[in-house]
Amino acid sequence: MTTITKKPINPTAHLTPEDVEQIGVELDAIRQDILDSRGEQDAAYIRKVVDVQRKLELGSRAVLLVSAFPPAFVLGTVGLSVSKILENMEIGHNVMHGQWDWMRDPKIHSTTWEWDNASTADGWKHSHNEIHHTYTNIVGKDNDLGYGIMRVDEDQRWYPFHLGQPLWNFINACFFEYGIAAYDLELGKNLKVPKEKRSEAFKNNARNTLAKIRKQATKDYVVHPLMSLPTGSFVPTLVANVTANVVRNLWTHSVIMCGHFPEGVETFEKTSIPDHETRGEWYVRQMLGSANISGSKAMHLMTGNLSHQIEHHLFPDLPSNRYAEVAPKVKALFDKYGLNYHEASLPAQVGSAWHKVVRLSLPNGWLATTNAKNLPGQLKLLSTMATGNRKVRRAAQARLEQLARRQSQVAKAA
Amino acid sequence: MPRTTTLPFPGLVSPDHRERPLRRLALGARRHAAAVAEALATPLVPADYLDVFAPLRPGAELRGRVVAVEPETADAATIVIRPGADWVGHVPGQYLRIGVDVDGVRQWRAYSLTHGPRADGCVSVTVKAVPDGAVSPYLVHRVRPGTLLHLEQATGEFVLPPSADKLLFVTAGSGITPVIGMLRNLFPVADSGVVRLPRSADRDIVVVHLAPSAPTSIFAADLAALDEAGAIHLVSRYDDTHGFFDVADLAELVPDLAERSTLACGPAGLLDALETHHETAGLPLSTERFRAAPVVAGEGGTLDFTRSTTTVESDGSTSILDAGESAGVLMPSGCRMGVCFGCVVPLREGAVRDLRNGELTTAVPGETPPTGVPIQTCISAAAGPCQIDL
Ligand SMILES: Cc1cc2nc3c(=O)[nH]c(=O)nc-3n(C[C@H](O)[C@H](O)[C@H](O)COP(=O)(O)OP(=O)(O)OC[C@H]3O[C@@H](n4cnc5c(N)ncnc54)[C@H](O)[C@@H]3O)c2cc1C
Ligand code: FES
């Protein structure tokens, strides 16, 4: 997709500056409603989720002690996967956002929480809460989901190595927790700096992250399997832990892809953001830069209510259990101001996001112009582009554009 | 030649050769078990899991469970609490800080213990509901048996002086609570009535108790019973029957005032007046205050960054983040717009206003957590003088 300012029809063109500020006022009012009614029931909710998650984790780990017995292996693995997902999504992510800081409970607080993930809470809070939530979907500023390693926008120049992008994305999904840790450290950027010139801050963060990874791996892959040794369940327990971590990684990766990546979610140009973005302008960017997943209560819980990604991005510090309640009001506001409330089922959003990954792994226009009939020719063109130099690529790109124009003329005529 | 080996725990020195290997083994085993438990629980700690099942166990953070709520008057109740295993006990007259979740928000308040050591191992406090109070109405009217509370160990200097036998207690309203704790300890009440113990045989005690009216007076019946049994001499003054109390009347009510050590607990006005009176008369006085000077929220104020030893004047519309930074304080920050919580620091004392909705957050030492109240500096402005732990 093209950044919003380069689109033929800018979806915000019909909004006057007054509209934008009015949207800000109305969203602030929605937020205030929740703040005013936040209380005992919300506190009971998060405590319950934490309680259930811990019991589920302990129960699953206990069952895995005898995981040489296949039903125990299955039960324990499923339980541990669910527990890890709950811990990362509905608890960790949201607690670290400060959604529960108002309770003043030092045990459920953004400044003290550490989550069951390779990345450190501090690193995550910086890269996610500060960078991603502040600069949401600004190409070049928002590092979320591989903007560093992937082509996420037509305006990014295509290189042959982008052909591997679907594969990188899949590998990233499997090892997502390490991918996140690497983003948090800005590993790519920092490793380019010669060793002796790397900043103290980076070295410190890298040390902390490595220490965390070591502890996490020791727990899941050494100590817990060893506990199962007496029943001959070392290997099944190890496999269960690996599985649970991969399942959690694939799930979180999918949910996060759904949040900002499906086709139709807007991205923004660095230069299009005013130096002093108003609250209204910031709100509008969040409204257009996020996508929701529709589904059951259980699905909302398992996504950490990131299924309400739009609401989450508008109000990242509201308790997650209240997003469902504000969603209809937010949707009504989208309708009122003629903006597109991007919502679809999980399979549709995941499919759409993957479609975009594949489409952008190919030169602009290639996927759209390819059909069964012209496939051989298109493949040949692609291989020329993949192997040729810059000049060859530019010429081939021009051919693709010409083809696209011709196809659209034919379509119009028909 | 005597040899002593210092074990990894300071202060643990084994003098006996035969005992040493065994004890070392036991210590080593315990340390290893702890290390394994930590490795199993990371990134949490084993306590996080144990708390799910046994919040009152030894080694846990100090907590207590409400066992009973006994009404005393229309707006006061005694809360009986079973404290966690690590409760070390108290001296009557001392108080207990209680962390209670009211409307989901953890609030800390101090309450005097209203008894001596109890046979059932429970502790009790008696709370008077302050109109519009955050915590006291909750404890009096809403808290239910089974509720988990957070506790600190008992503390306080307002206890019986060991030497003085001739005492005067001046209490007003709920200020009776620490005093009733001391009196109950001196004079336990059994089925047969007030028990006289050797430890209280020589005490000569006068209690001047003030309250707006007899029915609103907590522990009025207990005081009357003690008076009847001859344990104390009670002078009750009710505003509605006797008119407002004036400290100058004290000499008349207690003729041997000069021979007594005075312990007083009640509203600030009374205690201030008593302090002046006793100072002028050169008499010993010990007081317990229930309330520190209230925070008066203003517009703007002096920001005192305690660890950076920087102070800066700030108006009511500048964020503390901006004010601190412009004064050269190394402020943590992130989005600068209230979404990331990268700028949270503890407010030790004072009041701040949320720049988005005007909401006030206050920190009062002794009431809010000892570590301070976390505030987001980027969306908070000073609303009075503030002490910030940075
Ligand atoms: C050492 C110590 C021992 C204490 N022991 C007891 C005790 O045994 N029993 C007991 O009931 N309280 C006791 N208190 C007072 C108690 O800690 C709370 O301050 C009180 O319960 C009010 O809390 P709140 O949250 O209801 O009111 P807040 O929400 O803190 O205050 C609401 C309003 O009430 C006013 N206010 C606060 N406290 C009082 C007060 N004591 N009298 C009149 N107005 C007040 C405030 O200025 C404010 O306007 C003690 C305090 C201290 C420091
Ligand atoms: S700097 Fe982000 S919340 Fe204050």
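What you see as residue numbers is a count from 1 along each chain, following the sequence as written. Whichever chain is written first becomes A and whichever ligand is written first becomes 1, with later ones labelled in order. In keeping with the predicted nature of the model, local features appear solely for residues at pLDDT of at least 70, side-chain atom pairs appear and are counted solely at 80 or more, and the whole-chain, interface and lining totals rest on all residues. Water and hydrogen atoms play no part in the side-chain values, which are based on all heavy atoms of the structure.

Novice: If you had to explain the overall build of chain A to someone new, which residues and values would you point to?
Specialist: Going along the chain from the N terminus, every DSSP run of H or I of four or more residues is numbered as a helix, and every run of E of two or more is numbered as a strand. Each helix and strand counted, chain A has 17 helices and 2 strands in total. Only C-alpha atoms enter the radius of gyration; for comparison, a globular chain is expected to reach 2.2 Å times N to the power 0.38, where N is the number of residues. Computed over its C-alpha atoms, the radius of gyration of chain A comes to 23 Å, within 12% of the 22 Å expected for a compact globule of 414 residues. Across its three principal axes, chain A shows a C-alpha extent of roughly 70 × 50 × 50 Å. By definition in these notes, contact holds between two residues if any of their heavy atoms fall within 4.5 Å. Long-range pairs, those at least 24 residues apart, make up 73% of the contacts in chain A with a sequence separation of at least 6. Accessible areas in this description were obtained via Shrake-Rupley with a 1.4 Å probe; residue shielding takes into account the shown protein chains only. Accessible surface computed for chain A: about 18400 Å², of which carbon and sulfur atoms make up 64%. Within chain A, one finds 48 positive and 42 negative side-chain charges whose respective centroids are separated by 10 Å. By the counting rule applied here, Lys and Arg register as positive and Asp and Glu as negative, while His and the ends of each chain are not counted. Lys charges are placed at NZ, Arg charges at CZ, Asp charges at CG and Glu charges at CD.

Novice: Can you break down a nonpolar patch on the surface residue by residue, with the values?
Specialist: Residue and element names in this part refer to chain A. On the surface, Tyr159, Phe161, Leu167, Trp168, Phe170, Ile171, Phe175, Tyr178 and Leu250 cluster together to form a nonpolar patch covering roughly 860 Å² of accessible area. Sorting elements by how many residues they give to the nonpolar patch places helix H5 (residues 165-174) first, with 4 residues. By secondary structure assignment, the location of Ile171 is in helix H5. By relative accessible area, Ile171 is classed as partly exposed at 39%. Patch definition: residues above 30% relative accessible area lacking any salt bridge, with like charges linked at up to 9 Å and the nonpolar side chains Val, Leu, Ile, Met, Phe, Trp and Tyr linked at up to 5 Å. Salt bridges are defined as contacts in which a side-chain nitrogen from Lys or Arg sits within 4 Å of a carboxyl oxygen from Asp or Glu. A 1.4 Å probe rolled over the protein chains alone gives each residue an accessible area, and that area as a share of the maximum for its type sets the label: buried under 20%, exposed over 50%, partly exposed in between.

Novice: Describe in detail the confidence of the model for chain B, supporting the description with residues and values.
Specialist: For any part of a model where pLDDT is low, the fine detail of the predicted coordinates should not be relied upon. Residues and elements named next belong to chain B. pLDDT expresses how confident the predictor is about each individual residue, on a scale running from 0 to 100. The pLDDT averaged across chain B works out to 89; a share of 94% of its residues lies at or above 70. Predicted confidence for residues 1-16 stays below pLDDT 50, and this span has 19 contacts to residues more than four positions away or in other chains. Scoring of the predicted complex yields 0.88 for pTM and 0.89 for ipTM.

Novice: Now, about a positive patch on the surface: what can you tell me, with residues and values included?
Specialist: Residues and elements named next belong to chain A. Side chains of Arg157, Arg390, Lys391 and Arg394 sit close together on the surface and give a patch of like positive charge. As for its position among the elements, Arg157 is in the loop between helix H4 (121-134) and H5. On the accessibility criterion, Arg157 (53% relative accessible area) is exposed.

Novice: With reference to specific residues and values, describe the sheet that holds strand E6 (residues 105-112) of chain B.
Specialist: All names here are of chain B. Strand order in the open sheet formed by 6 strands is E6-E5-E8-E3-E4-E7, with antiparallel pairing between adjacent strands. Two strands lie at the open edges of the sheet, namely E6 and strand E7 (123-128), each paired on one side alone. Put simply, the sheet's adjacent strands are angled 40° from each other on average, direction ignored. In this scheme, strands are said to pair when DSSP sees at least two bridges between them. Pairing of strand E3 (residues 63-73) with strand E4 (residues 76-83) involves 8 bridges; the strand directions are antiparallel. Paired with Pro71 across the bridge in E4 is Ala77. Axis angles are defined between N-to-C directions and span 0 to 180 degrees, where every axis is a line fitted to C-alpha atoms and, for a helix, only to the segment in contact.

Novice: Run through the domain arrangement of chain B, naming residues and quoting values.
Specialist: Domain boundaries shown here were taken from an automatic or database domain assignment. In terms of domain boundaries, chain B breaks down into domain 1 (63-151), domain 2 (166-288) and domain 3 (301-388). Computed from C-alpha atoms alone, the centre-to-centre distance between domain 1 of chain B and domain 3 of chain B is 31 Å.

Novice: Any details on the site of ligand 1? Residues and values, ideally.
Specialist: All names here are of chain B. One heavy atom within 4 Å of a molecule or strand makes the whole residue count as near it. For ligand 1, the set of nearby residues contains 21 residues, the closest of which are Arg109, Ala110, Tyr111, Ser136 and Thr177. A distance of 2.9 Å is found between an oxygen atom of ligand 1 and a backbone nitrogen or oxygen belonging to Lys128. Within 3.5 Å is the distance limit for a polar contact, defined as a pair of N or O atoms, with the added protein rule that one can donate a hydrogen and the other accept it, and that residues adjacent in sequence qualify only through two side-chain atoms. Contact distances for ligand 1 include 2.8 Å between an oxygen atom and a backbone N or O atom of Val135. Coverage of ligand 1 by the protein chains reaches 74% of its 900 Å² of free accessible surface. Of all elements in the fold, only E6, E7 and helix H3 (136-142) reach the threshold of two or more residues within the shell around ligand 1. Ranked by residues supplied to the shell around ligand 1, first place goes to E6 with 4 residues. Of the residues belonging to the shell around ligand 1, the class tally is 9 nonpolar, 5 polar and 7 charged. Residue classes follow a fixed rule: Ala, Val, Leu, Ile, Met, Phe, Trp, Tyr, Cys and Pro count as nonpolar, while Asp, Glu, Lys and Arg count as charged, and any other residue, Gly among them, counts as polar.

Novice: Help me get a handle on the interface of chain B and chain A, residues and values and all.
Specialist: Counting residues at the interface gives 37 residues for chain B, matched by 41 residues for chain A. For the chain B and chain A pair, buried surface summed over both sides reaches about 3200 Å², with 58% attributable to carbon and sulfur atoms. Where chain B packs against chain A, one counts 4 salt bridges. Asp101(B) is the partner of Arg47(A) in a salt bridge, and the nearest nitrogen-oxygen pair spans 3.6 Å. In this structure, the connection of chain B to chain A is made through 8 residue pairs in polar contact (both at pLDDT 80 or more). Where the side of chain B that touches chain A is concerned, the elements lending two or more residues are helix H1 (19-41), helix H2 (46-53), E6, strand E19 (360-363) and strand E20 (373-376) of chain B. No other element matches H2(B), which puts 5 residues into the side of chain B that touches chain A. A 1.4 Å probe defines the accessible area here, and the buried area is the portion of it lost by two parts on being joined, summed over both.

Novice: Can you explain the packing of aromatic side chains? Please cite residues and give values.
Specialist: Residue and element names in this part refer to chain A. Aromatic pairing here means that ring centres of Phe, Tyr or Trp (its six-membered ring) are within 6.5 Å. Orientation follows from the plane angle: under 30 degrees is stacked, over 60 is edge-to-face, and everything else is tilted. Per the counting criterion, the structure on display carries 7 aromatic pairs over all chains. Measuring from ring centre to ring centre gives 6.3 Å for Trp100 and Trp102, while their planes differ by 40°; the resulting arrangement is tilted. Like Trp102, Trp100 is buried. Look at Tyr283 and Phe315: their rings are 6.2 Å apart centre to centre, the planes differ by 70°, and that puts the pair in the edge-to-face class. Of the two residues, Tyr283 sits in helix H10 (residues 279-288) while Phe315 sits in the loop between helix H12 (309-314) and helix H13 (323-336), which places them 32 residues apart along the sequence. Take Tyr283 and Phe315: they sit in the same class, and that class is buried. Ring-pair connections join several aromatic residues into one group, and the members of that group are Tyr45, Trp100 and Trp102.

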